[in-house]
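Report on the structure
Listed here are the chains, written in short residue letters.
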Amino acid sequence: MIPYDKRSGKIWYNNELVDWGDVKLHVLSHGLHYASCVFEGERVYDGSIFKLEEHTSRFFHSARRMGFEIPYTEDQINTASNKIIATQNVENGYVRPVAWRGTEMMAISAQQTKIHVAIATWEWGSYFDPKLKVEGIKLNISNWRRPAPNTIPWDTKASGLYMICTLSKHEAEKQGYTDSLMLDHEGNIAEATGANVFFKDKNGEIHTPIPDSFLDGITRRTVIGIAKSKNIKVHERKISPTELPNFVGCFLTGTAAEVTPVSCIAENQFKVCDTIIDLNESYQALVRKKKAA
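Before going into details, it helps to say that this report is about the structure given with it. Since the model is a prediction, treat every value here as computed from it, not as a measurement. Residue positions within a chain follow its written sequence, with the count starting from 1. Reporting of local features is limited, given that this is a predicted model, to residues whose pLDDT is at least 70; pairs of side-chain atoms are given and counted only at 80 or more, and all residues count toward the totals for whole chains, interfaces and linings. Side-chain measures here rest on the full set of heavy atoms in the structure, leaving out hydrogens and waters.

Comments concerning the pattern of salt bridges
What counts here: For this document, the term salt bridge refers to a Lys or Arg side-chain nitrogen within 4 Å of an Asp or Glu carboxyl oxygen.
As enumerated under the stated definition, the model contains 17 salt bridges in all. Overlapping salt bridges, with partners in common, bring together K51, E54, D216, R220, R221 and E236 in one network.

Written out as C-alpha cells, the structure reads:
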C-alpha cells in the first residue's frame with residue numbers, strides 16, 4: 001500500500017490545486033496539538049459525490065461547534081470537491097475535506113489562528129474485506145465509552161472524538177475481531193468505531209440507538225428512509241447490551257462501511273439475513289441512481 005503522503009496528483013489546499021507531495025502541515029499547527037480540526041468523509045460513485053451537500057453542511061456545522069468559521073461558502077466547498085475529483089479522475093472512491101487551526105498561536109487559546117482547508121480524494125473500494133462483508137464482520141465490545149453529550153461536541157466530526165475509536169479498533173484487532181462496538185456513557189449501545197449500528201428482531205423489525213451522544217450518520221438516515229419505504233418498522237431507542245441475544249440480525253452503516261452485515265458481537269451470533277442483503281442492494285441501487293439522475 002502506498003503511504004498517503006507518497007501519492008500523486010493534486011490536493012485542493014486553501015483554494016489552490018497543489019501537488020500532492022507539496023502539501024505541508026507545520027509541526028506546530030494548533031490542529032495537530034489541540035485537536036482543533038474537523039473533517040468529512042464522502043463516497044464517490046461513478047464520478048459523483050453521494051449526498052455532497054449534506055456532508056458539506058455537516059462540515060460547516062462541525063467547524064462552528066468547534067468555535068471557528070470555514071473561510072469559504074458551502075457552495076465554494078461543493079465546487080472545490082467536484083473539481084478535485086475531476087482533477088484526480090476518481091470514479092469510485094473517497095473524499096476527505098478537512099479544516100484546522102494553524103500556527104499563529106500555540107496555547108489553549110487560539111482566537112487568532114488562521115483556518116486552513118484542504119480536500120483530498122482517492123480511488124477506494126470496500127472499507128472492510130469484501131469477503132467479510134458477505135459473511136458478516138465480527139465485533140468485540142469496547143472498554144471505552146462514548147462521552148456524555150455535555151462533555152464534548154458530540155454531534156460533529158471533530159478529530160479528537162476519534163481517539164478512543166482508534167484505541168477501541170486496535171484492541172479489537174488484537175483480539176481477532178474486525179471492529180468494536182462502543183457503549184455510551186450510560187452503558188447503552190452507541191455505535192461501532194466509525195459506523196452506526198442496527199439490529200433486526202425476530203419479527204423483522206429494525207432497532208437502532210438514538211444518536212444523542214454520537215453522530216447521526218448521513219448513511220444511517222438514508223438506510224432508515226429505505227427501510228421505511230419497504231414498510232419495515234424502525235425503532236430508534238435506547239438499547240441495552242443485555243438485549244443482544246434477542247436479535248437475529250445486525251449491520252453497520254456509514255460512508256465508508258456502507259451497509260455491512262455483522263456476524264457476531266462478542267459471544268452473540270447473528271445471521272446475514274435477506275432483510276440486510278436487500279437493504280444493502282437497495283442502498284447500492286440508490287447511490288447509482290443518484291448518478292444517473
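Past the structure itself, the notes keep going.
Overview of the packing of aromatic side chains
Test applied: Any pair of Phe, Tyr and Trp rings, taking the six-membered ring for Trp, is counted once the centres come within 6.5 Å. Such a pair is stacked with planes under 30 degrees apart, edge-to-face with planes over 60 apart, and tilted for the rest. Only protein chains enter the accessibility calculation, which uses a 1.4 Å probe. A residue is then buried if its area is under 20% of the maximum for its type, exposed if over 50%, and partly exposed in between. Put simply, a charge is over a ring when the Lys NZ or the Arg CZ is close to the ring centre, within 6 Å, and near the line of the ring normal, within 35 degrees.
Summed over the entire model, instances satisfying the criterion amount to 12 aromatic pairs. Considering the side-chain rings of Y45 and F50, the 6.2 Å spacing of their centres and the 85 degrees angle between planes classify their relative orientation as edge-to-face. Considered together, Y45 and F50 belong to a single accessibility category, that of buried residues. Seen from the ring of Y4, R7 lies directly overhead, with NZ or CZ sitting 3.9 Å from the centre.

Focus on empty space enclosed by the protein
Note the following rule: Cavities and pockets are defined on a 1 Å grid built over the protein atoms alone: a cavity is a set of grid points where a 1.4 Å probe fits but cannot escape, while a pocket is an open set with protein on both sides within 12 Å along at least five of seven lines, and lining residues are those with an atom within 4 Å of any such point. Grid points are joined across faces, edges and corners, and a volume is the space filled by probe spheres set on the points. A run of H or I in DSSP counts as a helix once it spans at least four residues, and a run of E counts as a strand once it spans at least two, with each numbered from the N terminus. The nonpolar class holds Ala, Val, Leu, Ile, Met, Phe, Trp, Tyr, Cys and Pro. Asp, Glu, Lys and Arg form the charged class, and all remaining residues, Gly among them, are polar.
Counted according to the given criterion, the structure contains one cavity of 30 Å³ or more. As for the largest cavity, its lining consists of E42, R43, F50, H55, I218, T219, T255 and Y283. For the lining of the largest cavity, the elements supplying multiple residues, two or more each, are β4 (42–45) and α6 (218–229). Partitioned by chemical class, the residues of the lining of the largest cavity number three nonpolar, three polar and two charged.

Concerning the state of the cysteines
Where we set the bar: Pairs of cysteine sulfur atoms within 2.5 Å are what we label disulfides.
Inspection of the entire model under this criterion finds zero disulfides. For the unlinked cysteine C165, the closest cysteine sulfur is that of C37, found at 14 Å. There is no disulfide at C250, and the cysteine sulfur nearest it, in C264, is 9.7 Å away. We classify C250 as buried; its relative accessible area is 0%.

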